[in-house]
Amino acid sequence: SAATLEWHPSRQLGTGTYGSVFRGELTDGSLVAVKSIDLGALVGRPECLKDGGFEEEVQMLSKFRHPNLVTLLGWGQHGLSCYLVYEFLAGGDVFQRLRKSRLPPGKSKTSPRSGGCPFMWHERLSVCLDAAMGLSHMHNSKPKAFHRDIKSANVLLDRHGTAKMADFGLSCTSGKAGDQHVTTKTVCGTPGYTCPIYQRTGRCTEGSEVHAFGMVMLEVLLGLSPSARDTNRPGGLKFPVADAILPRQPGS
């Protein structure tokens, strides 16, 4: 609480289904990111994990250490609140980085004179390679580990532009060392990224993870989102990447 100035709005970095993330400053001056999960708010919501993915994050990130996976520094629980403390990554996430790069001249808050925030091709390639290295480390472990929510918003950047996979609240591991998949009761993920075979069968495999990561690569290369809100379409969503490349069309 002290590190985040009592959860002051100016310290909030983002918010999601399972809680909010705040920038914190420790007594030695080092910066951290603190995810606060309110378990009371999740009660009775069928689409939510019972603990907001708290236990999965602790187990997964306590087990793995890799330069391209976000580092968990600590955790805590108090009443109906759970807290996860991570290394602070000053570059934000890739989804927002792409959004900044699309801003017209004079619209960037960080550099209004330069006009937007260019995202050079070699930086985009480096981000894809970094994220792939982090995922490969998970997939090649024994037993295998699966992220289950690969998307650009879950790829974070440090101040040097190095990318790290984050948000392991939906992650899981195969039961035994030789198992190649996990059959899940609930299909998780984000529309536009989630593998259709995984959606149909409930079997999470390295292949389903590769599909989701492939959508991230297309998003980074094209500058288009795999999914976005559109009240005029069935389901209230549009799929800009699919609309652009028309994967079912001959010669796409």
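Bear in mind that the values here come from a model prediction, so they are computed numbers and not experimental data. (Residues numbered from 1 in each chain as written. Predicted model: local features only at pLDDT ≥ 70, side-chain atom pairs only at ≥ 80, totals over all residues. Heavy atoms only, no water.)

Peer 1: Lay out the overall build of the chain with the relevant residues and their values.
Peer 2: Regarding its fold elements, the chain presents 7 helices and 13 strands. The buried share of the chain, taken over its 252 residues, is 41%. Within the chain, contacts between residues at least 6 apart in sequence are counted, and of these 50% link residues at least 24 apart. With an accessible surface of roughly 14,300 Å², the chain has 56% of that area assigned to carbon and sulfur atoms. (Helix = DSSP H or I, 4+ residues; strand = E, 2+ residues; numbered from the N terminus. Buried < 20%, exposed > 50% of the residue type's maximum accessible area, 1.4 Å probe, protein only. Contact = heavy atoms within 4.5 Å. Areas by Shrake-Rupley, 256 points an atom, 1.4 Å probe, with all protein chains shown as cover.)

Peer 1: Pulling in residues and values, what's your account of the sheet that holds strand β2 (residues 19-25)?
Peer 2: Strand order in this open sheet of 5 strands is β1-β2-β3-β5-β4, and the pairing throughout is antiparallel. Each end of this open sheet is capped by a strand with a single partner; those strands are β1 (12-16) and β4 (72-78). Averaged over all pairs of adjacent strands, the angle between strand axes in this sheet comes to 20 degrees, irrespective of strand direction. Of the pairings in the sheet, the one linking β1 to β2 comprises 4 bridges and is antiparallel in character. From the neighbouring strand, Gly14 faces β2, where its bridge partner is Val21. Here helix α2 (residues 54-63) sits on the sheet and contacts β3 (31-38), β4 and β5 (81-87); the angle it forms with β4, its principal contact strand, is near 150 degrees. (Pairing = 2+ DSSP bridges. Axes fitted to C-alpha atoms, helices over the stretch in contact; angles between N-to-C directions.)

Peer 1: So what about the pairing of β3? Which residues, and what values?
Peer 2: In terms of burial, β3 is a largely internal element, 6 of the 8 residues being buried. The sheet contact formed by β2 and β3 spans 6 bridges and is antiparallel. Bridge pairing in β3 links Arg23 to Ala33. The hairpin formed by β2 and β3 contains 5 residues between the paired strands, and Gly29 there has a positive phi angle of roughly 95 degrees. Alignment of β3 against β5, held across 7 bridges, turns out to be antiparallel. By the bridge assignment for β5, Lys35 is matched with Leu84.

Peer 1: Please provide a residue-by-residue account of a nonpolar patch on the surface, values included.
Peer 2: Side chains of Met217, Leu221, Leu222, Leu224 and Ile245 sit close together on the surface and give an oily, nonpolar patch of about 410 Å² of accessible area. The element contributing the most residues to the nonpolar patch is helix α6 (residues 206-222), with 3 residues. Here Leu221 shows up in helix α6. In this structure Leu221 comes out as exposed when scored by relative accessible area, which is 65%. (Patch = residues over 30% accessible without salt bridge, like charges linked within 9 Å, V, L, I, M, F, W, Y side chains within 5 Å. Salt bridge = Lys/Arg side-chain N within 4 Å of Asp/Glu carboxyl O.)

Peer 1: Give a description of the packing of aromatic side chains that names residues and reports values.
Peer 2: All chains considered together, the criterion is met by 3 aromatic pairs. Relative to Phe22, the ring of Trp7 lies with its centre 5.2 Å away and its plane at 70 degrees, an arrangement referred to as edge-to-face. Residue Trp7 is found in the segment before β1, and its partner Phe22 is found in strand β2; the two are separated by 15 residues along the sequence. Judged by relative accessible area, which is 23%, Trp7 ranks as partly exposed. Both rings, one in Trp7 and one in Tyr83, keep their centres 5.4 Å apart while their planes meet at 10 degrees; by these two values the pair is stacked. Of the two residues, Trp7 is situated in the segment before β1 and Tyr83 in strand β5; the sequence distance between them amounts to 76 residues. A network of ring pairs unites the aromatic residues Trp7, Phe22 and Tyr83 as a single cluster. Arg97 extends its terminal NZ or CZ atom over the ring of Phe119, reaching a point 4.5 Å from the ring centre. (Phe/Tyr/Trp six-rings, centres within 6.5 Å; stacked < 30°, edge-to-face > 60°. Lys NZ or Arg CZ within 6 Å of the ring centre and 35° of its normal.)

Peer 1: Outline unusual backbone geometry, supporting the account with residue identities and numerical values.
Peer 2: For the peptide bond that leads from Lys142 to Pro143, omega is -5 degrees, which places it in the cis range. Tracing the backbone shows Pro143 in the loop between α4 (121-139) and β6 (145-146). You will see that Leu5, though not glycine, has its phi angle at about 55 degrees, which is positive. Looking at Leu5, the relative accessible area reads 47%, which means it is partly exposed. With phi around 60 degrees, Asp167 is a residue other than glycine that occupies positive phi space. Tracing the chain through its elements places Asp167 in the loop between β8 (163-165) and β9 (172-173).

Peer 1: How would you sum up the nonpolar core? Please name residues and give values.
Peer 2: Grouped together as the largest cluster of nonpolar side chains are 38 residues, with contacts concentrated most on Met165 and Phe168. At the level of elements, β3, α2, β5, α3 (94-101), α4, β7 (155-157), β8 and α6 are the ones that each hand at least two residues to this core. Sequence-distant contacts of Phe168, defined by excluding residues within four places in its chain, comprise Glu56, Glu57, Met60, Leu61, Leu69, Val70, Met138 and His147. Counting residues in each nonpolar core, the second largest holds 8 residues, with Cys172, Cys195, Tyr198 and Cys204 among its members. (Core = buried A, V, L, I, M, F, W, Y, C linked by side-chain atoms within 4.5 Å.)

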